[in-house]
Structure formats: C-alpha cells, structure tokens
Amino acid sequence: MAEIVSLSEAIALAVHDGDTVAMEGFTHLIPHAAGHEVIRQRRRNLTLVRMTPDVIYDQMIGAGCASKLIFSWGGNPGVGSLHRFRDAVQNSWPCPLELEEHSHAGMANRYVAGASGLPFAVLRGYSGTSLATRTPNIAPITCPFTGELLTAVAALTPDVTVIHAQRADRAGNVQFWGITGVQKEAVLAARRSIATVEEIVDELTPQPGAIVLPSWTVGYVATAPGGAHPSYALGYTTRDNDFYQAWDPISRDREKFGRWLDEHVYAPSAVAGLAP
Amino acid sequence: MTAAPAAGYTADEMMAITAARALRDGMTCFVGIGLPSEAANLARASHAPSLTLIYESGTIGAKPPALPLSIGDGVLAETADAVVSVPEIFNYWLQPGRIDVGFLGAAQIDRFANINTTVIGPDYAHPAVRLPGAGGAPEIAGSCREVIVVLRQNRRAFVDRVDFVTSVGFGDGPGSRQRLGLAGAGPQKVITDLGVLEPDPATCELRLTGTYPGTVVADIKAATGWDLQVAADLRELPPPTEAELAALRRLRAATLPPAANTAPTGQTDQGEQPNDH
C-alpha cells in the first residue's frame, strides 16, 4: 500500500545517491517539484532516465545530480537546445555526463519490458542507424517463427520512478489522464516509486481515458499542487510555454542558471513546494 | 492552386506552403514539431481539412486551432480523436505501417537523405555540437509509408555524408532499405527554403526537382555539400496564393510567442533546430 508522506520525506526515503532514477511524464505531468526536491537534497551520481530529459533534467544535470543520462530526445520542446545538458556533454560542467542514447520507440519498449518482467523487448527499429552501433542495450534478434531480423532492447528497471498525477485518494490509489505517456510502464518497471499529485480526494471519480495505478503498485504519494510547472496537469494547470522560452537564456549562462537555482530551488520560499 | 499569387512573401513562407501542399486530404500524418508541425497544420487549415495529424505524445487526430509549441500541448489531447500511451503510439500505430506520411525536420541531411539530429562532428564522445537526438524519428523514417523532410538549405545542413545516422533515408543507396528491413518507401521529398529535392529512382540520390519563383539553380547547388544533380524535368513551383499566405500568417499569429514572431519556428543557430519533438 502506498504511504502518503510529504514530498521531502518521499525523496529522502526513495531516492538515494547512485540510484537509477526515472522521472517520467511526456511533456504533460512532468514531476518538476520532485526534481527540485532531489536537487535540494543534493543527490549525487544519479543515473537519470527519461525519454525527453526536458527542462527538468536540464536543471538536475546543471545542479550536479547526474553522472549518466539514458534518454531519447534532449531538447527544449519547440524552443531549441537544453544548454545545461549540452554544457555537461561538451564541457563536463559541472561534472562529466555519460550518455546512453535511444529512440523514443526503443525507450518505450524498454519500459514495457521492465513492466512485463521480461529481460528485453522486441521492435522493428534502429535498423541502419548509428544508434544501433553506439548503444550496447540495442541488439539484433532473429524472429524464431519467421526469420525476420528485428531489434531487441534491454529492459529498463529503475531503482525508483517518480511521476506526477492529477490526484490520488486517501488509500493511495493514483489517477492520471490526458497525455499519459509512459508513466504506467515506468512505475511498474521500477523497484520503488513516488507519485506526486495535485490533490488527494475522498473518491476517485471516473475520468475519460484515465489510468489508475492501484495503491499497492505505488510506494509513496505526496501532494505537490502545481508540481508539474512549467509542464502541466490537464484539468488543473496549463503548460507555461513562456517559461520554456524564458529557460533558454537562463540555461545558456552558468551564472544565470546558478542564480535561478538559488532563487527558485534552494531559497526557503521555494521549499514550500511551489515551483516558480 | 488556382487563386492569384501573393505579392510579398518570404522564403520560409514558400517552404512552409510547399510542404503543406505535399499533404493530401484524407492522409494520416505523423508530425514532428517545428517546421513539419507548422506545414501540417497549414494543410489542415487550407486544402486538407480531413488530414489526420498524429503526434508522438499519443494524440491521434489532433485538431489544434493554433500551432502547439510542443508535441504534448494540452490542446492536442483535448482535440484528438483518441489519446493513447507512448508505447502504444509507436507499437500499435507507427510500427505496422499504418501511417501514410512521416513529416520530419533535420539538422543535417546527406545525398542519400539520411538524417542526423544527434551530433555534429566526427567524434560522438566529443561532439562539436550536441543535438537533441533521435526522438521518434528513426522509426518514423522506417515505418511510415513515405517520409517528407523539411529543413532550410545550406552547406552545413546539406552534407555529402551525415556525421551520425540518426534516421535512415536510403542508407548507402539502392537496395539499402530492403536489406535493412525498412518497410516504408523512405523520404520522397526534401522541401527547403530554396526548392524541392527528390530521390532519383535509379540511384536514390537526392536531386533538384523543383525551384521557387526567383530562386536560381546555381545558388541551390552552391548551398549543397555534394554535386547536386538537377532533374531533366525540373519545374518551377507556383508561388503562394493569397489564401495560403493568409492562412499561414493566421496560424503563426495565433500561436507564436512574441519573441518568435520575428524568427520563424525553429530558427536558431545551426544545429539547434528542434527535430521532431
């Protein structure tokens, strides 16, 4: 059964130095408040896993939390580059960042394998790309029935997966809807999990297309209203496109980024749990 | 396109409108963000109202009233015919070859239409420029029935061989796609701000098949990093109509944040152009 705790307790209990951590949410429902708490608790040497590192991992990489990144698309959506990510790859700042690089289809299938309790997944993909030769967790496999040459990708089994959801009930059942991404698979593939939620309610009323993760599949539930910002929670908040634009100049400059962290993550006022 | 041609328009507008024209009504289209999304939404707003737009966020049949900034804007989910998970969009919808056309951007493209959105420079571990990476593109390029690529043309982007094959066009040339088991026909058009390139049916090499009013073949060759061949039946493509241009400008005005209104979608320094996300 999921334990309902504070966000800082959840991170302290479930995310440890050196862990492989997946914080998923495909543009929608990105667990930013949890990312900030990981930065505040100064976790180090994490292997960060995410299909789209996005601004959340740009911040965590720039803050020095990560030594490795497993990903499939590292840009600022619709804006341009992730400059903290680029600075880490090109200049090892603030520390070297090892990369393991996939396609979206490959990453999605790696989570599916993890959630399914299988060692690998099979897809028609990567064939002829440089990714296939560059990434050890991608390998050719022959179909035993047809002889077709396909691609296998190793299962992803994070130590901990963190997601943001619209709501949970008091028993810790977690409900999310809209663009649901790969969060169900990421939670089921992980040893531990945290769901931050916009609110905890008495009863989860049905929502079209909603996914419900039963309480016994989730480790910790913590309220974090607005905790996806600048991403969003459909029905609660809207995507702050201006922030994604504003992030570009902040993240281009190490000092500006440092000041941003001080003001919006480390400052006592930020610890109230509300992202800027 | 029977309406009167428009008077003043930019090369980027010509590119977007030419790309939109490549989409036919009733098609299903897997859309990358940036230039492809703009062109696909323009097509839906003008000549192809029944175009089905599919974004990798799992939104199928999205009908955004304005251009989304990301592939996961709320409006895509709210207007979609169906919203499915990310594993499902790739495994059930893209992989079996259900989608007519994949619409991609690129940072680098080579003579065989292979696409690089990963690193610039010969050393992967120490790249001159680190690009966003693959996203959905490798499997879009493999599995869609055909692929259309939209990017601005210059010698840094149009290279003899890409530094990193993120997504396969025609590999090493004729027969490559079959050997690799790639089901789709691959890139059929590369639409730029200078003209249109299409693969030669015999050699698979991209050659110039279309120019725009006012563009000069010698300039297009000079903006290409290999000896660009020119099709015997090279033709000049019609300029934007007033209606097309008005529709494009309405879309842009409805959406782009103020800072971007002066710099069209995705226009940043080389190598920073978002690919398909």
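Quick note: structure is the one above.
Described in the following lines is the structure provided in the data block.

All names here are of chain A. Omega for the bond connecting Trp93 with Pro94 falls within 30 degrees of zero, at 0°, which places this linkage in the cis form. Tracing the backbone through its elements, the reader meets Pro94 in the loop between helix H4 (83-91) and strand E7 (98-101). At the junction of His229 and Pro230, the peptide bond is cis and its omega measures out at 10° in the coordinates. Structurally, Pro230 is set in the loop between strand E15 (220-223) and helix H8 (241-252). Phi angles above zero are rare outside glycine, and Asn45 is one such case at about 65°. As for its placement among the helices and strands, Asn45 is situated in the loop between helix H2 (32-40) and strand E3 (46-49). In the Ramachandran plot, Ser92 falls in the positive-phi region, its phi being about 55° despite a non-glycine side chain. Of note, Ser92 is situated in the loop between H4 and E7.

Right, let's get into the interface of chain A and chain B. Counting from both sides, the interface comprises 52 residues of chain A and, opposite them, 47 residues of chain B. Among the secondary structure elements, those contributing two or more residues to the side of chain A that touches chain B are strand E6 (80-81), H4, helix H5 (104-116), helix H6 (130-134), helix H7 (183-189) and H8 of chain A. Ranked by residues supplied to the side of chain A that touches chain B, first place goes to H5(A) with 5 residues. Partitioned by chemical class, the residues of the side of chain A that touches chain B number 17 nonpolar, 26 polar and 9 charged.

Before going further, it helps to spend a moment on the pairing of strand E10 (residues 149-154) of chain A. Side-chain positions along a regular strand alternate between the two faces of the sheet. Residues and elements named next belong to chain A. Here strand E8 (residues 120-123) runs beside E10; their pairing, made up of 4 bridges, is antiparallel. Within the sheet, the bridge partner assigned to Leu123 lies in E10 and is Thr151. Pairing of strand E9 (residues 138-142) with E10 involves 5 bridges; the strand directions are antiparallel. Looking across to E10, one finds that Thr142 is bridged to Leu149. Between E9 and E10, which follow one another and run antiparallel, lie 6 residues, and Gly147 among them has a positive phi close to 80°.

About the thresholds
- Residues numbered from 1 in each chain as written.
- Chains lettered and ligands numbered in written order.
- Predicted model: local features only at pLDDT ≥ 70, side-chain atom pairs only at ≥ 80, totals over all residues.
- Helix = DSSP H or I, 4+ residues; strand = E, 2+ residues; numbered from the N terminus.
- Contact = placed C-beta atoms within 7 Å.
- Nonpolar A, V, L, I, M, F, W, Y, C, P; charged D, E, K, R; others polar.
- Pairing = 2+ DSSP bridges.

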